[in-house]
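Descriptive structure summary
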Amino acid sequence: MKKTFILITTVLASVFMFSNVFAQEDELVRVYRWYNPNDQNYITVAEGEFQEGQMLNWKWKDKTPIFVAYRNPGAGRVAVNSWYNPTTKDYASIAEDEYNDDQMIKMGYTNKRTQFYALTKRGPNTVAVYRWYIPKNHDWISISEEGNTDTYYKRGYRNKTFQYYGIARENDAAIYNQL
C-alpha cells in the first residue's frame, strides 16, 4: 500500500511538473527575420506563424533568430502586429502603441494580424528592439540592439526608432516567463 501511494504521488507530481514546464514553454515564441533577395525586403516572423517550407517557397531566405517573445497577452506586454503594403511589397511588424490602425491604413498597409506580445519595460535578459527604415524601397526592419546595425546602416537604413523589448537568449528563456 505504501509503495502504491508513493508511486501515485510520484506520477501525479511528474504530470504536474511536466504540464507546468510545458505551459511555460508554450507561452514563449521565437521570433525570426527572413530576407527576400528578389524584393530586397525583410520580414519579421514568429515561430509557427508560417511553415518554414512556405517561407522558402515564397523565396524568403536567411532565416535569422532575433529574440524570444510571448505568445499571449499579459501585464507589461504590447501586441506586435504584422502589416503588409501591397504597393511597396513591405511587411512591417508594428507594436500597437507605435501607430494606430488608421495611420497604418493611410500609409497603404493592410492585412493586420497579431504576431506576438513583447515587453514594454526592460528586465533581466532583455534586449531592446528598434525599427529602421530605408527610403529607397520603403522597407521597415526590426533589429535588436545585439544585431549588426552597421551592416544595415551601410545599406541605407535610417530613422532608428525604439519599438519594444524582447527576451535575449533562448536557452534560459523559460526562466524569464515569470517577468
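Residues numbered from 1 in each chain as written. Predicted model: local features only at pLDDT ≥ 70, side-chain atom pairs only at ≥ 80, totals over all residues. Heavy atoms only, no water.

**Some details on the pairing of strand 1 (residues 28-36)**
Note the following rule: Accessibility here uses a 1.4 Å probe with only protein chains present; expressed as a share of the type maximum, an area under 20% marks a residue as buried, one over 50% as exposed, and anything in between as partly exposed. Every helix listed is a DSSP run of H or I at least four residues long, and every strand listed is a run of E at least two residues long, numbered separately from the N terminus. Strand pairing requires that DSSP identify at least two bridges connecting the strands.
The buried count for strand 1 comes to 8 of 9 residues, which makes it a mostly enclosed element. With 7 bridges connecting them, strand 1 and strand 3 (residues 61-70) associate as antiparallel partners. Bridged to Val31 within strand 3 is Phe67.

**Considering the pattern of salt bridges**
Under the convention used in this document: For salt bridges, the criterion is a side-chain nitrogen of Lys or Arg within 4 Å of an Asp or Glu carboxyl oxygen.
Enumeration according to the criterion identifies 9 salt bridges in this entry. One salt bridge connects Lys112 with Asp101, and the closest N-O pair in it is separated by 3.0 Å. Within this pair, whereas Lys112 is found in strand 6 (residues 110-119), its partner Asp101 is found in helix 3 (residues 101-106), the two being separated by 11 residues in sequence. Residue class for Lys112 comes out partly exposed when judged on its relative accessible area of 39%. Where Asp102 meets Lys106, a salt bridge forms, and the shortest distance between an N and an O atom there is 3.2 Å. Of this pair, Asp102 and Lys106 both sit in helix 3, 4 residues apart, roughly one helical turn.

**Things to note about unusual backbone geometry**
Of note in the backbone geometry, Asp62 takes a positive phi value of approximately 55° without being a glycine. A relative accessible area of 56% places Asp62 in the exposed class. Even without a glycine there, the phi angle at Asn159 is positive, about 55°. Tracing the sequence through the fold places Asn159 in strand 9 (residues 158-167). Judged by its relative accessible area of 53%, Asn159 is exposed.

**Description of the packing of aromatic side chains**
Any two aromatic rings considered together are summarised by their centre-to-centre distance and by the angle between their planes. Selection rule: By convention, a stacked pair of Phe, Tyr or Trp rings (six-membered ring in the case of Trp) has centres within 6.5 Å and planes under 30 degrees apart, an edge-to-face pair has planes over 60 apart, and any other such pair is tilted. For a lysine, the NZ atom is tested; for an arginine, the CZ atom; a charge sits over a ring if that atom is within 6 Å of the ring centre and within 35 degrees of the ring normal.
Evaluated as defined, the whole model comprises 14 aromatic pairs. A ring pair is formed by Tyr130 and Phe162, whose centres lie 5.9 Å apart and whose planes are at 75°; its orientation type is edge-to-face. Of the two residues, Tyr130 sits in strand 7 (residues 126-134) while Phe162 sits in strand 9, which places them 32 residues apart along the sequence. Note on Phe162 and Tyr165: the rings are 5.0 Å apart at their centroids and 55° apart in plane angle, and the pair reads as tilted. Taken together, the ring pairs connect Tyr99, Tyr109, Tyr133 and Trp140 into an aromatic cluster. Taking the ring centre of Tyr70 as reference, the NZ or CZ of Arg77 above it sits at 3.6 Å. Above the ring of Tyr130, the side-chain terminus of Lys160 is found at 4.3 Å from the ring centroid.

**So, the environment of Gly123**
Within the secondary structure, Gly123 sits in the loop between strand 6 and strand 7. Judged by relative accessible area, which is 25%, Gly123 ranks as partly exposed. Each C-alpha atom, one on Gly123 and one on Gly166, is 9.5 Å from the other, the two residues being 43 residues apart in sequence.

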